[in-house]
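This is what each chain is made of:
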Amino acid sequence: MSKEFLTLRREVKYIVPLGKALRIRECLDGLLERDSHCPGGAYSVRSLYFESVYNTDFADKLSGVDIRKKVRARIYDGDASLCKLELKEKMGDAQSKQSFLITKRDVKAVSLGDYSVLKNYFHDTQTSIKAYGIMARGRYMPAVIIEYDRLAYRYPMYDTRITLDMNIRSSESNLNLFSPNINYTPVLYEDVVLEIKYSGKLMGFISDALCRFGLTQNAYSKYCSGRRNYYDFNY
């Protein structure tokens, strides 16, 4: 039986220099608990992004379309046993992320265009049905792998989660999510992506603490930034 997940939050992003990010980390360590996955340091997040035959999702982001989506498979710290297939849909700052656990074998099948394996999850998850429709209609195929190191903080009120994503890197050549040897191209190496996610509202003591750092909101996309070869060739 597959496990299904759903999160509904507002998401705000900032690009901050590494030096400022270190000060923000120190501030957050004094305010919030770290996520259970990173008590001693950052953990790695690796995502394989799928794209339609017409690169619709990429074009929607570049064009500033308000309602847009991404389809990806994701693992943490290289652990294939906890692989998820995710649908991330955004409307402005509001986001919905639906996901379910999927096997390594089925991710490989989907990567080759065999979407029928998603039917194995129909009985247990609504997300698999939605993913099948999107991927089969759009003929989705692997486009890029994005990996980064993440520090995550949480606060229970309003499902608050704050992350610092560092050493963002990408590969447009090796698209095997489970490969032990991927030659990455740096995407951001002197800057850090700060993401603040919450439902309802952001607690005042958190926003007051972060206001000291003079942050400017940014619509940064790891996915689009990681597709540098495609962008340079086509745009």
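Residues numbered from 1 in each chain as written. Predicted model: local features only at pLDDT ≥ 70, side-chain atom pairs only at ≥ 80, totals over all residues. Heavy atoms only, no water.

(A) Quick look at the pairing of strand E8 (residues 160-171). For E8, a buried count of 10 out of 12 residues is recorded, marking the element as mostly surrounded by other parts of the structure. Two elements, strand E7 (residues 141-155) and E8, share 10 bridges in a ladder whose sense is antiparallel. By the bridge assignment for E8, Ile 146 is matched with Ser 170. In sequence, E7 turns back onto E8 through a hairpin of four residues, with Tyr 158 there showing a positive phi of about 60°. Pairing geometry for E8 and strand E10 (residues 191-198), over five bridges, is antiparallel. Across the sheet, Asp 165 pairs through a bridge with Val 193, a residue of E10. (Buried < 20%, exposed > 50% of the residue type's maximum accessible area, 1.4 Å probe, protein only. Helix = DSSP H or I, 4+ residues; strand = E, 2+ residues; numbered from the N terminus. Pairing = 2+ DSSP bridges.)

(B) View of the pattern of salt bridges. Taken as a whole, this structure holds 22 salt bridges when the rule is applied. We note a salt bridge from Glu 11 to Lys 90, for which the minimum N-O separation is 3.1 Å. Taken as a pair, Glu 11 in strand E1 (residues 4-17) and Lys 90 in strand E5 (residues 79-91) lie far apart in primary sequence, 79 residues in all. With relative accessibility at 2%, the residue Glu 11 sits in the buried group. Judged by relative accessible area, Lys 90 falls into the buried class, the value being 11%. (Salt bridge = Lys/Arg side-chain N within 4 Å of Asp/Glu carboxyl O.)

(C) How the structure looks around helix H3 (residues 104-111). Every buried residue belonging to H3 is among Asp 106, Val 107, Ala 109, Val 110 and Ser 111, and all of these are buried. Looking at the packing, one finds that the buried side of H3 touches strand E3 (43-51), strand E4 (67-76), E5, helix H4 (126-138) and E7. Backbone geometry just after H3 places Gly 113 at a positive phi near 90°. (Contact = heavy atoms within 4.5 Å.)

(D) Examining the nonpolar core more closely. Counting 38 residues, the largest nonpolar core has Ile 24, Leu 28, Ile 162, Leu 164 and Leu 210 as the members making the most contacts within it. Looking at which element gives the most residues to this core, the answer is E7, with seven residues. Those residues in contact with Leu 164 that sit more than four places away from it in its chain are Ala 21, Ile 24, Arg 25, Leu 28, Asp 149, Arg 150, Leu 151, Tyr 153, Val 192, Val 193 and Leu 194. Leu 48, Phe 50, Ile 75 and Ile 145 belong to the second-largest nonpolar core, a separate cluster that totals 25 residues. (Core = buried A, V, L, I, M, F, W, Y, C linked by side-chain atoms within 4.5 Å.)

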